[in-house]
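# Summary of the model geometry
Spelled out from the first residue to the last, the chains are:
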Amino acid sequence: ASAALLAGPAFAAKPAGEDADVIVIGAGAAGIAAARRLTAEKMRVMVFEASDRIGGRCVTDTKTFGVPFDLGAHWIHNPDGNPLLAGGPPAGLDIDPAPRWQSMRVGPRAARDAELETFLAAQVRAQRALREPLKAKGDISADRLLPKDLGVWQPAIEFMLGPLATSKDLADISAIDLVRTAERTGDSFCRQGYGALLAKLAVGLNVKLSAPVSMIAWGKNPVLETPESLWYPRAVILTASTNALGGDDIEFIPPLPKNVRAAIGNLPLGSLDHIALDMPGNPLGLQKDDLVVEQATGPKTAALLANVSGTGLHVVTVGGAFGRDLAAKGEAAMLDFATSWLSSAFDTNVKRYIKKSRVTRWNAQEFVLGAMSAAGPGHAEARKTLMEPLGRVWLAGEAVHETQWGTVNGAWESGTRAAESVLRYLDRGRREEPKPRSKRKKR
């Protein structure tokens, strides 16, 4: 590490007062939570964010449609115990409960009452199967947990429990990892956007945007490299996504241990994208925040969140292997699928109602490269590996939470835990520092 640093380019001197006790890499939910916890203990904290905005995979766009559009996370799970809402939402933000119903489409019509009853019964059976202790030996794929006699609703339920909820097909998810997840109930929405809520919680933090970290020497005395300078903090909290960690953007000196690299590779991000359509006037005749799914015949399906927070915004969500393939074809293909899917489900030409549109492509989003970190079959224990510090570097993020992975609150809790570990370590270091010996007075 020393040789590499000496051979590197000359860096400008750091501005006065820019030294930090702890550097947090990434200004998503985990990074913001870690920085808030450390700042509360009067630590000098700096947050380096590679992109030009905070939020990570939780960010709100208000420019495209003139109303809030959450590009990534939107559902606030378990709001009563959600750490981002501890003490109530920040001033100026409204939290509304999500509707408890789902609208089902059967071909070009709404599902009849009898069809809804069979769907709800099949859904309950499937969810119950994912809550039962695993009977099989070893870590199998999650699709093997589901009953195979769910009838015509089988593809829809597999989509809802797999791609829509976790960004991966159930066949690609560890059964143990899925069974461990905490139940996500009582969802709510932030009317101003989940990203707006996260941004409010970041106010007052020392965040440097467009400041990618290109090198981390994680030995006894950590060293970081940014375009601005070399940095020598006492500790580091790294919150990059697993796909970003597995790429080449950050050089680790020495290279990461083999077991850590394997754990990162066994927690790849799935695919989940939104196709947002501005359709004022409620042309589909749906309710506010109406969640619509269909009696699918295969994996090429989607979900619709209609009239978001009472606006004309309609968001079609695709995910899993089908969503990944669709996103790879580009924005035009995604928009074409969404309009065709809606037109078929509602027996109308949806294109004539669309005023504006925007498509997300998280798999190609620089510094993120995907959605959620569902573990592959046989690799449920990978998260525990990432919980162990690397010298004075601690990892955090949704991938480093065993029961709330794939959620903003899981990322937040992970960042808080990492900060508390750093505080304990630094406090121990202060206590164990040897006191300077006093010189004997000459007689």
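Residues numbered from 1 in each chain as written. Predicted model: local features only at pLDDT ≥ 70, side-chain atom pairs only at ≥ 80, totals over all residues. Heavy atoms only, no water.

## Concerning the confidence of the model for the protein chain
Which entries qualify depends on this criterion: Looking at any residue, its pLDDT shows the predictor's confidence there, from 0 to 100. Contacts were defined at the residue level, with two residues in contact if any of their heavy atoms lie within 4.5 Å.
Of the residues in the protein chain, 93% have a pLDDT of 70 or more, and the chain-wide mean is 92. When the criterion is pLDDT under 50, residues 1-12 qualifies, and its contacts beyond four places in sequence or with other chains add up to 13 contacts.

## Let's talk about the environment of A182
Defined as follows: Every helix listed is a DSSP run of H or I at least four residues long, and every strand listed is a run of E at least two residues long, numbered separately from the N terminus. Any residue under 20% of the maximum accessible area for its type is buried, any over 50% is exposed, and the rest in between are partly exposed; the area is computed with a 1.4 Å probe on protein chains only.
Along the polypeptide, A182 turns up in the loop between α5 (175-180) and β8 (188-190). Residue A182 is classed as partly exposed on the basis of its relative accessible area of 27%. For the pair formed by A182 and P108, sequence separation is 74 residues and the distance between their alpha carbons is 35 Å.

## Things to note about the pattern of salt bridges
Close approach of charged atoms lets side chains of opposite charge pair. In plain terms, the rule: We define a salt bridge as a side-chain nitrogen of Lys or Arg found within 4 Å of a carboxyl oxygen belonging to Asp or Glu.
Tallied over the entire structure, the rule returns 14 salt bridges. Between D21 and R44 there is a salt bridge, with its nearest N and O atoms 3.2 Å apart. Placement of the pair is D21 in the loop between α1 (2-7) and β1 (22-25) and R44 in the loop between α2 (29-40) and β2 (45-48), with a sequence separation of 23 residues. What makes R44 partly exposed here is its relative accessible area of 44%. E413 serves as the salt-bridge partner of R417, at 3.7 Å between the closest nitrogen and oxygen. Remark: E413 and R417 occur in helix α12 (residues 408-432); sequence separation between them is 4 residues, near one turn of the helix. Since its relative accessible area comes to 40%, R417 is described here as partly exposed. A residue is classified by how much of its surface remains accessible, and E413, at 23% relative accessible area, is partly exposed. One network of salt bridges, with partners in common, ties together R180, E381, K384 and E402.

## Things to note about the packing of helix α9 (residues 320-328) against helix α10 (residues 331-346)
Each pair of packed helices can be described by the angle between their axes along with the distance between the axes. The condition is simple: Orientation is described by axes fitted as lines to C-alpha atoms, over the contacting stretch for helices, and by angles from 0 to 180 degrees between their N-to-C directions. Note on terminology: angles under 35 degrees are roughly parallel, angles over 145 are roughly antiparallel, angles of 65 to 115 are roughly perpendicular, and the others are oblique. Polar here means any residue other than Ala, Val, Leu, Ile, Met, Phe, Trp, Tyr, Cys and Pro, which are nonpolar, and Asp, Glu, Lys and Arg, which are charged; Gly is therefore polar.
Across the interface, α9 lies against α10 with an axial gap of 6 Å and an inter-helix angle of 125°. Between α9 and α10, the angle is such that the two are oblique. Packed against α9, whose contacting residues are F322, L326 and A327, the element α10 presents A333, M334 and F337 at the interface. In terms of residue class, the contact of α9 with α10 is made up of 6 nonpolar, no polar and no charged.

## Points about the packing of aromatic side chains
The criterion, for reference: Two rings from Phe, Tyr or Trp (for Trp, the six-membered ring) form a pair when their centres sit within 6.5 Å of each other. Planes less than 30 degrees apart are called stacked, planes more than 60 degrees apart edge-to-face, and all others tilted. To sit over a ring, a charge needs its Lys NZ or Arg CZ within 6 Å of the ring centre and within 35 degrees of the ring normal.
Applying the stated criterion across every chain, the model contains 6 aromatic pairs. Taken together, a centroid distance of 5.6 Å and an interplanar angle of 65° make the contact between W394 and Y425 edge-to-face. Here Y425 lies in helix α12 and W394 lies in strand β20 (residues 393-395), a separation of 31 residues in the sequence. The buried category is assigned to W394, whose relative accessible area is 7%. Judged by relative accessible area, Y425 falls into the partly exposed class, the value being 25%. When the ring centre of F346 is taken as origin, the NZ or CZ atom of R105, which lies over that ring, is 4.1 Å away.

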